[in-house]
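# Descriptive structure summary
Here is how the chains run, residue by residue.
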Amino acid sequence: MIACGDEGMREAALALGRDLGRPVVDVDVASGWLSRTPTPTPTSVLLIASRHTLVAETVREWVTSSARHDVPVGFVLAADLAEAEFQASKITLAHTRVPAGEDVLIDAVNGVCGPPDDLKVARPERLGAILDAPWRVLSVCGHSDLGHISLGSLVVCGANGPERVDGKLLTDGCDPGADRCRSTTKLLRTAVPAAGLHAAVVALMGCSTFDVAVGEHPTTNSLCVSALSGLTLAAIGTLGQLHADADTVGLVAAYLAEGLSLGETVQRLNHVHRIPTGYGIALAGDPALRFPARTPAEPVDNGAAVDADRLRTHEQALALYQDMIGRSRTVERVRHALVAVAENSLDEDLEDSLEDLGRTNEQVQSAAWEGIGRIREAFDLDAWRTADAVTARLDRAVRRWDEAFLATAKLAAGNDMYAALHTYLRLSDARVEGACTRCGSRIQVFEYDDSESAGAGPVMAIAASGLHSPGGVVRPVLSVRGTSGEPDRPGHLAVILNDRLTDRVLATFHTECTLADLPEPTLTIPEDTQSDLHALWAVWVGQVTVTFAGTRLGIVRTVEQA
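Note that residues are indexed from 1 along each chain, following the sequence as it is written. Under the rules for a predicted model, residues below a pLDDT of 70 receive no local features and side-chain atom pairs below 80 are neither given nor counted, while totals for whole chains, interfaces and linings still include all residues. Calculated side-chain values reflect all of the structure's heavy atoms, with hydrogen atoms and water omitted.

With glycine set apart, most residues show a phi of negative sign, and most peptide bonds adopt trans. Non-glycine residue Ser 208 carries a positive phi angle of around 55°. Helix and strand assignments follow DSSP, with helices taken as H or I runs no shorter than four residues and strands as E runs no shorter than two, numbered in order from the N terminus. Relative to the helices and strands, Ser 208 is located in the loop between β15 (199–205) and α5 (223–228). Type-normalised accessible area, obtained with a 1.4 Å probe on protein chains alone, sets the label of each residue: buried when under 20%, exposed when over 50%, and partly exposed for intermediate values. The buried category is assigned to Ser 208, whose relative accessible area is 18%. The residue Gln 543 is not glycine, and still its phi comes out positive at about 55°. Here Gln 543 shows up in the loop between β27 (532–541) and β28 (546–555).

What follows is the structure, encoded as structure tokens:
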């Protein structure tokens, strides 16, 4: 349904209603909702009104009423009839063509950017490339203030012309015509106009970024108005504070990738993002617009982390979600230990990998917490069923964490990674003689102050007997015990040979396998390897669970080989 709240916009509303085949009704916007609920109840409401007369508090009331009536709402708030017709024409075109491009996000708070499944550290050159490229969905999170959103090394400016306050022109205000932005500083030199963003949907996740209505800001700068003046079809913004821990940029991308409409996506965001001082999230655009769902890649094996067939009751689902949260918190100790070491390594690839590992860990926890939230809010737990979207999202997040951990393990120095792996089991001491009580390794012998953790989960062992020569092949033997009834759990295995003195990676072996079917790794020793007892270690990761083992490999370089 299209609701017209301004007589001056009625012509544009009627034309859009004819193009989309939707009824058009006149409403009193000050009432906060439709004066009477039509029959049948509309599946969505698009309110067209003047942004010069609609105050921000009224927008909040409409958003609140939308949640109460469970009807998605969107806004077309135009300055005049010409702008309303321009926005209406873009909405009509959006329903006849599928926007091209991929989805991308920028999370300046956590310092990452890129496609949702390939996040990297948000370096200036990467941010610039993303903001210059065309996208289907661009989801941005950063600190916002008076029509600007800061992305660390650059700022998105919402100036629509020379900046004015109370009708008065500012001498030092923003002016895109003069290529001037008042938010630039010595360290923040680049200003990107929001009108130049090349994305069909732009989500601006900062504080009070839905700055279309009157009274939200004293300045004429507006991120949403500026973005909508260009190629953008719809903009999503906040009506108050943004929760610092909310993964809103990731959720926007995930919900739209599921095939939800823009209105349903905003409703989900409002459902997840609830804080006492928050006023919700609003949509400037058509709430009924939806994109085709992204088809997930076919898994190699039917060993998904979240098996919907076995989540037949809410008790089973709750146990799984809580288990995933516990696992993700435990393995986060490994990343923290590596971050402390990597700060002085000056290895950008390792830093990027650690950032990605932290991000995927947050995605695992976010999906699990959403599942718990849905269980708590279910009215009839006996009739409760697992939501496919939540299980699929958790499954994807778990697989990404496994892959990110393995990538980090292959980049980190051998001794650093090996010590970090022990750290997550609450390492308390190291001694010289004997064997590690957790993995049987004799590289360095560890003791733990958490005996329960030290004996929990699968335990791997690795053995490689005899002396070896440079250029030769070593075939270590792997074994595992304590698989907790899940020997067929799929995962990734990496076997790494490290130089004892330099920590240089000499050889690696990687494959996907289960704990019940560990392969026989084959590693070729480089010709230039020096004589020593080098470190040979293996790590297996699957469904946010890690097991590992290490040993020494004797390599002898003869005079003829020197």
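Further notes follow.
Next up on the list: the environment of Ala 409. Along the chain, the position of Ala 409 falls in helix α10 (residues 388–411). Overall, Ala 409 belongs to the buried group, its relative accessible area being 1%. Counting along the chain gives 85 residues from Ala 409 to Ala 494, while the straight-line C-alpha distance between them is 8.2 Å. Contacts: residue pairs with any heavy atoms within 4.5 Å of one another. When residues no more than four places from it in sequence are discounted, the contact partners of Ala 409 are Met 417, Ile 496, Trp 537 and Val 539.

What follows is about the environment of Trp 33. Counting through the fold element by element, Trp 33 comes out in the loop between β2 (24–26) and β3 (45–50). Since its relative accessible area comes to 7%, Trp 33 is described here as buried. Between the C-alpha atoms of Trp 33 and Glu 61, which are 28 residues apart in sequence, the distance is 7.8 Å. When sequence neighbours within four positions are dropped, the list of residues in contact with Trp 33 reads Asp 28, Val 45, Trp 62, Ser 65, Ser 66, His 69, Val 71 and Val 73.

Below, the discussion takes up the sheet that holds β3. With respect to topology, four strands assemble into an open sheet ordered β2-β1-β3-β4, the strand pairing being parallel. If you trace the sheet from one side to the other, it starts and ends with β2 and β4 (73–78), each paired once. Across the sheet, the mean angle from the axis of one strand to that of its neighbour is 25°, orientation sign disregarded. Two strands are counted as paired when DSSP detects at least two bridges linking them. As paired strands, strand β1 (residues 2–4) and β2 are joined by three bridges and run parallel to one another. Bridge pairing in β2 links Cys 4 to Asp 26. Here, axes are lines fitted to C-alpha atoms. For helices the fit covers the stretch in contact, and angles between N-to-C directions go from 0 to 180 degrees. Taken strand by strand, helix α2 (residues 56–69) contacts β3 and β4, and its axis lies near 160° from that of β4. This element, helix α3 (residues 81–94), spans β3 and β4 of the sheet and lies at about 140° to β4.

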